[in-house]
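# Residue-level structural notes
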Amino acid sequence: VSDLLTIAVPKGRQFERFSAHLAERGVDVVFADRELVATSHDGTLRFLLVKNDDLATYVGHGIAGLGVCGTDKLDETSYEFYALGALPFGGARMCLIGRRGQALHLGAGAAVKVATRYPAVAREFFHNRGIPVDIIKLSGSVELAVVLGLAPLIVDVVETGRTLAAHDLEIIEEIGRTEIQLVANPAIYKIRYRQVRELAERLLAPLAVIGDGSD
Amino acid sequence: MNQPQRKTRLQLPRGAESLLLEEAFVHRRVIATIADLFTAWGYMPIQTPVLDFFDGYRQLLDDDDARHTYRLVDREGELLMLRADVTLFMAKQIGLAIRSMDLPLRVCYFDAILRHQEGGDLSHSEFYQVGAELVGLAGVEADLESLALLNRLLEELRLPRAVIHLGSRALVDAYTGDESVRARLRKGILARDWQQVENELGTQVGARARELFAYVASGAEFLADAAQLAKGQPPTVAVDLERTAHIVATLLPMLPVDRLRVDLSEVGSRHYHTGLAFSVYLPGVGSAVAAGGRYDRLFAAFGDGAPAAGFSLFLRKVEGAMQDRERFLPPTERVRIPTDDFAAAYRHAEKLRAAGQVVIFS
């Protein structure tokens, strides 16, 4: 068992944002070409670079003690986590989306067909409204479902709205906000509570606060 | 072979587990070692039924527990449940007969349980629980005995980095008498979800509760902090923290360094916990490997009441982490004896077996 505290971080744009966030707090992490594991320059932290969809699994099984993960993904998993706090980037809206100008009669009899990468979120939204729903699970390019006629509605994360506009889609309703959370595996939090708390404070506190503390 | 046949012939049901050869051997040896330990402490085994009537347990299960229980209907139409928690089944077996028993009673068990697990961790619906329960003692001495025995078990299995996190359900009860609020509050605390705690108690009281339930520290630190922690808290909190401090102060000199911590978010995962509550965590294992505490009202659900305290350990979670695991391995040296004359070979083999050797006929 490694004594380094391990953090699972998502590939792609979220990693770029997180690594910039780390650098502002004096932690540099660089993954060598094609490497998926890296150690911070001070040798205290280990980072795993994983797909966003798999991140909760690595933390849930305790392979990583901490994870940087969107609440959109966390809401889709049944693993238990401690949510330590939201990071100041990557927030978005979870939305119900349909074709622009399309007349919809939700709850008018038959189940509404919805394509989504977030079946749990979509199911909860419609069930809370008492509307029967037929969920079609997709893993990407969800907007195509409406364009190609797979489903009249999609539930998906919207950051800028440009993709929707490009496909002549519009937001029908904002279901909720998503944010990037720092989460901990409960057992690892317990075992290494001091280290996890110190790191969480460092990562979650505004820069001004960290600066005040070090002066 | 069509697809359904292939599936039923080649796979186990989702979540089921089988052990083969060396792994099964180690498992049995570990159980025998634990049984010897429990026997030396005066604990007698109890064998609980693999299934029982669901209705008798429903009031003792919260909705999540009930949802994770495997249920089936028997030929008479009765709803049955598979054993999902040995403590519950044991409580019924003992509760029904408690009037004729001499208390206190020390019992131990070694049984598989089945709980449905949602989502990712589908490989583990079947767990092997070993546990010890002390029935009929309400005092702190039963809490001490349970924790001391648990520590001995961790030593016996050579798990030096295991840590016991100690808390109390009574602290939740100090905040509210409303059963449904208690249940939601307990879940919020267990999840360290302080927003949920504030939702249940309001902002001001919720913030005070957070100060208490977020507390984690070493046993020695807790002894220094306990009086300060009680300030501004509901009146019974101080009494419960004093009890916890007594337990910690008594056990600390007996336990390895950093074995015992006080973690007030440990409020007991089961609906039926009452006072002391604790869990054991182990580096490299992503969830608690053991849990226990006090449950003084459980037996009354099945007959005459009796206070009780105990713990259970998820054996399969720790078997891979034991140091010196080789002491549980089967002997590798085997004497092979030809059986040209079977009667002579048998007599020779028995002599060698009596001397402790493994002998196989070849």
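Rules used throughout
Counting restarts for each chain, with residues numbered from 1 along the sequence as it is written. Each chain takes a letter, starting from A, and each ligand takes a number, starting from 1, following the order in which they are written. Local features are withheld for residues below a pLDDT of 70 in this predicted model, meaning they are given only at 70 or higher, and side-chain atom pairs are given and counted only at 80 or more; totals for whole chains, interfaces and linings count all residues. No hydrogens and no water enter the side-chain calculation; it runs on all heavy atoms of the structure. Pairing between strands is defined by DSSP: at least two bridges between them are needed. The helix and strand labels rest on DSSP assignments: H or I over at least four residues marks a helix, E over at least two residues marks a strand, and numbering proceeds from the N terminus. Here the axes come from fitting lines to C-alpha atoms, over the contacting stretch only for helices, and the angles between their N-to-C directions go from 0 to 180 degrees. The contact criterion used throughout is that any non-hydrogen atoms of two residues lie within 4.5 Å. When two parts are brought into contact, each loses some accessible area as probed by a 1.4 Å sphere; the total of that loss over both is the buried area. The salt bridge definition used is simple: a Lys or Arg side-chain nitrogen within 4 Å of an Asp or Glu carboxyl oxygen. Polar here means any residue outside two lists: the nonpolar Ala, Val, Leu, Ile, Met, Phe, Trp, Tyr, Cys and Pro, and the charged Asp, Glu, Lys and Arg; Gly therefore counts as polar. Accessible area is worked out with a 1.4 Å probe on protein chains only. A residue is then buried under 20% of its type maximum, exposed over 50%, and partly exposed in between.

## Looking at the sheet that holds strand 9 (residues 153-158) of chain A
Residue and element names in this part refer to chain A. Strand order in the open sheet made by the five strands is 8-7-9-6-10, with mixed pairing throughout. In the strand order of this sheet, the two ends are held by strand 8 (133-137) and strand 10 (169-178), each with one partner. Averaged over all neighbouring strand pairs, the angle between strand axes comes to 30 degrees, with direction disregarded. In terms of strand pairing, strand 6 (residues 92-99) meets strand 9 through six bridges, oriented antiparallel. Among the inter-strand pairings, Ile97 is bridged to a residue of strand 9, identified as Ile154. Most of the contacts of helix 4 (residues 119-128) go to strand 8, to which it runs at about 170 degrees, and overall it touches strand 6, strand 7 (112-116), strand 8, strand 9 and strand 10.

## A look at the interface of chain A and chain B
Where interface size is given, it is often the accessible area lost as the parts come together that is meant. Tallying the contact residues gives 17 residues for chain A and 27 residues for chain B. Across the interface of chain A and chain B, roughly 1,600 Å² is buried in total on both sides, 52% from carbon and sulfur atoms. It is Lys190, Ile191 and Tyr193 of chain A in chain A that bury the most area against chain B; as a group they hold 37% of the surface buried on that side. For the pair chain A and chain B, the number of links is three salt bridges. Here Asp263 of chain B ties to Lys190 of chain A by a salt bridge, and the two come within 2.6 Å at their closest N and O atoms. For the side of chain A that touches chain B, the secondary structure elements donating two or more residues are helix 7 (186-191) and helix 8 (193-204) of chain A. If one sorts the elements of the side of chain A that touches chain B by residue count, helix 7 of chain A sits on top with four residues. Among the residues forming the side of chain A that touches chain B, the class breakdown is eight nonpolar, five polar and four charged.

## Here's the deal with the pattern of salt bridges
Inspection of every chain in the model, using the stated rule, returns 36 salt bridges over all chains. The shortest N-O distance in the salt bridge between Glu159 of chain A and Arg13 of chain A comes to 3.0 Å. With Glu159 of chain A in the loop between strand 9 and helix 6 (162-166) and Arg13 of chain A in helix 1 (residues 13-24), the pair connects residues that are 146 residues apart, well separated along the chain. Between Arg67 of chain B and Asp64 of chain B there is a salt bridge, with the nearest N and O atoms lying 2.7 Å from each other. Of this pair, Arg67 of chain B and Asp64 of chain B both sit in helix 4 (residues 63-67), three residues apart, which is roughly one turn of the helix. Look at Arg67 of chain B and you get partly exposed, because its relative accessible area is 45%. Look at Asp64 of chain B and you get partly exposed, because its relative accessible area is 29%.

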